[in-house]
Amino acid sequence: FGDSLADISSGVSPRWNVGLGYQWNTDIGATQLAEARLQYRRDAFRAINIAYRYRRDALNVVDLSAAWPVNEHWSAIGRYEYSLLESQTLEGLLGVEYQTCCWGLRLSLQRHLADREGNSDTSVSVQLVLKGLGNPLEPAERLLEHGILGYERD
């Protein structure tokens, strides 16, 4: 008659979150989708995540990510997504950011799969942020919020 679904998320404590998702296909008697997530989130700027995602015949992935200020001016971010099915890295992101009251500088290195044949593409990005002169959520910031679960900016 279709699929049976279960999804549960819980704040184990103010800083720890756990999530589990599962989809069982009753027609074929097999797991369709499964996901497990664990997050430590100290505040809006500090988050560490680990996740496992499975989609039958398509996806079997471990995903690690983090965003963490090192001190008042410097922050670091990173993401590593690995396919257990293909035994290869799907995406890697490493970045540093320097912030002052008036300006900021971001440097990031990203490597991701470019096609289905397993070829990778690498990019380096440098962004100068002049505060008060642009959109409060620049494209690089959107990348961070999309790529690092729990990463937010005021």
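The structure we're discussing is the one just above.
Residues numbered from 1 in each chain as written. Predicted model: local features only at pLDDT ≥ 70, side-chain atom pairs only at ≥ 80, totals over all residues. Heavy atoms only, no water.

Novice: Got a minute to help me understand the side chain of Thr31 in this structure?
Specialist: Mapped onto the secondary structure, Thr31 falls in strand β3 (residues 30–43). Polar contacts involving the side chain of Thr31 include one to the side chain of Tyr22, which spans 2.4 Å. With residues near it in sequence (within four places) discarded, Thr31 still touches Tyr22, Gln23, Trp24, Tyr54 and Arg56. (Helix = DSSP H or I, 4+ residues; strand = E, 2+ residues; numbered from the N terminus. Polar contact = N/O pair within 3.5 Å; in protein donor to acceptor, adjacent residues only side chain to side chain. Contact = heavy atoms within 4.5 Å.)

Novice: Would you mind showing me how to read the pairing of strand β4 (residues 46–55) here?
Specialist: On any regular strand, side chains alternate: one points to one face of the sheet, the next to the other face. Judged from the 10 bridges that link them, β3 and β4 form a sheet pairing that is antiparallel. Its bridge partner being in β4, Arg41 is matched across the sheet by Ala47. Once β3 ends, the chain turns through 2 residues before running back antiparallel as β4. The pairing of β4 with strand β5 (residues 59–69) spans 9 bridges and is classified as antiparallel. Paired with Tyr52 across the bridge in β5 is Val62. Hairpin connection between β4 and β5: a loop of 3 residues separates the two successive antiparallel strands, and Asp57 in this loop has a positive phi of roughly 65°. (Pairing = 2+ DSSP bridges.)

Novice: Help me understand the pairing of strand β7 (residues 88–99), please; the structure alone is not making it clear to me.
Specialist: Pairing geometry for strand β6 (residues 74–83) and β7, over 10 bridges, is antiparallel. Each residue of the ladder has a partner; that of Ala76, found in β7, is Val96. In sequence, β6 turns back onto β7 through a hairpin of 4 residues, with Ser87 there showing a positive phi of about 55°. Both β7 and strand β8 (residues 103–113) contribute to a ladder of 9 bridges, which runs antiparallel. Its bridge partner being in β8, Val96 is matched across the sheet by Leu107. Between β7 and β8, which pair antiparallel in sequence order, lie 3 residues.

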